[in-house]
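# Architecture at a glance
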Amino acid sequence: MSAPDARVRYLLRLGDTSLVLGQRLGEWVGHAPALEEDLGLANLALDFVGQARLLLSYAGELEGSGRDEDALAFLRDAHEFANLALAEQPNGDFGDTIVRQWLIDTWQLQLYAALSTSTDERLAAIAAKSLKETRYHHRFSSGWLARLGDGTPESHARVQASLENLWRFTGELFAPDAVDEAMAAAGIGPQLAGLEPAWSALIDADLKEATLRRPAPQPFPWHGKRGVHTEHLSHLLAEMQQLPRSLPGARW
Amino acid sequence: MYHISGKSQPPMYTQALDQQGREPSAAPESPEQAARFQARVDAEEKIEPKDWMPEAYRQTLIRQISQHAHSEIVGMLPEGNWITRAPSLRRKAVLIAKVQDEGGHGMYLYSAAETLGVERATLVEQLLSGAAKYSSIFNYPTLTWADVGAIGWLVDGAAIMNQVPICRCSYGPYARAMVRICKEESFHQRQGFEIMLTLARGSEAQRAMAQDALNRWWWPSIMMFGPSDVASRHTAQSMRWKIKRFTNDELRQKFIDVTVPQAQFLGLTIPDPQLRWDEAAGHFEIGPIDWEEFQAVLRGHGPCNRERLEARRAGHAAGEWVREAAAAHAAKRAAQAAA
Ligand SMILES: [Fe+2]
Ligand SMILES: [Fe+2]
């Protein structure tokens, strides 16, 4: 894989993760447990769609074949999407959504901090902006993790079960492949293994506050960032992409 | 910022506050008090929460503000229906922000209602039980993307006509909430019009989509102004109290006069064969409004009444354990702080 190809691939991973998570969060709008949470989840959705637009636009420009953010978002099939499998997991109940969010927030705190010193200045600027947003996201998700974990016996049991279910998708976060290694070698991206200790420490601290147990590491058969997804992604895309695909070439 | 309301509070507390809200009715209202109050209103003074006010004024405001708040909240649903299917990322972001704004409007309005001594949780209960009303327009379905444009253009447009005069309402907290809300509504209206314009200038299929949306949303938007003046129960007293500044029919006519030329600019046809320009009056005249349809939707027989209430109830019920957890967690933290 050439260096420019690897960089496009890398940007798609970041952009697709934001897009797919933004799409999931958008499903909540109007249906959250209370008005404040409705507005909070909508805020998150907006931030992730915003990040996706910046990252996909940049990927499209680097790719140089005339695909803009919308062509990348709406005209690729599931196997071409490079998001983390964690991001595409269904909303489930509010606790499932909070755990998914918290796992991604704790990860993005490390990732965007590292990327904000990337040798790719445009990516560094996107990461610096996203890092600010992520700090707020993490306050929201870790705050709710604590309320649910250290709330009622029912909420504790429910959110522990969410954690047990979603933990298997965290293995992918720190498993580098050729793209990750090429980016690290070029100073564009971090060494993934280098991010794990700080992530792990933050996970433990937040879990302690929430009185939750850390699940054991689990093997994982998904490689979302290489296009190997769970069954959920193609459904999500079918809904998201239907309209632009039904009227090819239309402007909206 | 992310506090939880509603079920987290013991019901007794809610009830106690509720009764506090009705307390003034215990003391008889003297004609002098009423006259002094009316003089203040006539002098365009703002009435504030701690000021004396007639009980009927308070109840009228609670009813109107809470209906308005419920409308904002239920109004999130028809447009929210298209968030996951918005046809571009820019449109998706704008739509999420718009629906979020509507939730914010609901929040300011519930807060304004709370200054009159009623709890938000009580008002939400009234919505969920079906006892409270909300704008009938949100009981119509959003069947295509063009409906998102039509709602912004027509429904937010009609809301602006209704709400701009409320910025001068005699009750201070309501007037101030409305100033903020109106700014955002006019932004929504322009965005909706822009969606319609893009569709109207697009392909044949897109133009047809836009026309179909106008066909379905025109009359419900006209009905948003409420019954005609002869049939309206509340208008005269509300005008005396300067809660209302114009009658339903006056506002409806303003909306028609502004909107018809916009439809012409879009190259779309208003679905009213009797629509004509009345040179002498200087107004557009419309055909008869189907008030039976309006009444049927109000009574719960619109296309989506059931779905809208069900969605609110389902969200609320699914959030019960979350609200309980938040309350339990807050209680634990408070106990720790006290220890
Ligand atoms: Fe609104
Ligand atoms: Fe609006």
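Going by the structure above, here's the rest.
Since the structure is predicted, the reported quantities are computational estimates derived from the model, not experimental observations. (Residues numbered from 1 in each chain as written. Chains lettered and ligands numbered in written order. Predicted model: local features only at pLDDT ≥ 70, side-chain atom pairs only at ≥ 80, totals over all residues. Heavy atoms only, no water.)

## Describing the overall build of chain A
Selection criterion: Only runs of H or I of at least four residues qualify as helices and only runs of E of at least two qualify as strands under DSSP, and these elements are numbered from the N terminus. Throughout, the radius of gyration refers to the C-alpha atoms, and the reference size of a globule is 2.2 Å times the residue count to the power 0.38. For this analysis, residues touch if any pair of their heavy atoms sits within 4.5 Å. Computed by Shrake-Rupley with a 1.4 Å probe, the accessible areas treat only the displayed protein chains as cover when residues are assessed.
Within chain A one finds 10 helices and 0 strands. Listing the helices and strands of chain A from first to last along the sequence gives α-α-α-α-α-α-α-α-α-α. Relative to the globule expectation of 18 Å for 252 residues, the C-alpha radius of gyration of chain A, 18 Å, shows essentially globular dimensions. In terms of overall dimensions, chain A has a C-alpha envelope of 55 × 40 × 30 Å along the principal axes. At a minimum sequence separation of 6, the contacts of chain A that also span at least 24 residues come to 80%. As displayed, chain A has an accessible area near 9300 Å², and 55% of this comes from carbon and sulfur atoms.

## Here we look at the pattern of salt bridges
Put simply, the rule is: By definition here, a salt bridge exists when the distance from a side-chain nitrogen of Lys or Arg to a carboxyl oxygen of Asp or Glu is within 4 Å. Burial classes follow relative accessibility: with a 1.4 Å probe on protein chains only, a residue under 20% of its type's maximum area counts as buried, one over 50% as exposed, and anything between as partly exposed.
For the structure shown, the criterion picks out 38 salt bridges over all chains. Here Asp150(A) makes a salt bridge to Arg333(B), at a shortest N to O gap of 3.4 Å. Of the two residues, Asp150(A) sits in the loop between helix 6 (121-149) and helix 7 (153-166) while Arg333(B) sits in helix 14 (residues 320-338), which places them in two different chains. You can call Asp150(A) buried: its relative accessible area is 12%. The class for Arg333(B) is partly exposed, based on a relative accessible area of 24%. Close ionic contact of Asp147(B) with Arg216(B) constitutes a salt bridge, the shortest N to O distance being 2.7 Å. One end of the pair, Asp147(B), is in helix 7 (residues 146-163); the other, Arg216(B), is in helix 9 (residues 204-223), and 69 residues separate them in sequence. We classify Asp147(B) as buried; its relative accessible area is 0%. One salt-bridge network, held together by shared partners, links Arg13(A), Asp177(A), Asp180(A), Lys225(A) and Arg226(A).

## Focus: the coordination of the iron ion (ligand 1)
Residue and element names in this part refer to chain B. Worth spelling out the cut-off: Only nitrogen, oxygen and sulfur atoms qualify as donors, and only when within 2.8 Å of the metal (3.2 Å in the case of Na, K and Ca); with water excluded, sites may look incomplete.
Surrounding the iron ion (ligand 1) are the protein donor atoms Glu72 (OE), Glu102 (OE), His105 (ND1) and Glu185 (OE), which sit 2.0 to 2.2 Å from the metal. Positions of the donor residues of the iron ion (ligand 1) along the chain correspond to the pattern E-x29-E-x2-H-x79-E. In this structure, the iron ion (ligand 1) lies 3.5 Å from the iron ion (ligand 2), and both are coordinated by Glu102. Of this pair, His105 sits in helix 5 (residues 89-114) while Glu185 sits in helix 8 (residues 172-200), and the two are 80 residues apart along the sequence. Neither residue differs from the other here; His105 and Glu185 are each classed as buried.

## A look at the coordination of the iron ion (ligand 2)
For clarity, the threshold we go by: The rule is simple: four donors are tetrahedral if all their angles sit between 85 and 135 degrees, four are square planar and six octahedral if opposite donors span more than 155 degrees and the others lie between 65 and 115, and anything that fits none of that is irregular.
Looking at the iron ion (ligand 2), one finds its protein donor set to be Glu102(B) (OE), Asp156(B) (OD), Glu185(B) (OE) and His188(B) (ND1), positioned 1.9 to 2.2 Å from the metal centre. If you look at the iron ion (ligand 2), its 4 donor atoms make angles of 90 to 150° with each other, and the shape they trace is irregular.

## A closer look at the state of the cysteines
Threshold: Throughout, disulfides are identified as pairs of cysteine sulfur atoms within 2.5 Å of each other.
For the structure on display, the rule yields 0 disulfides over all chains. Free cysteine: Cys167(B), not disulfide-bonded; nearest cysteine sulfur from Cys182(B) at 3.8 Å.

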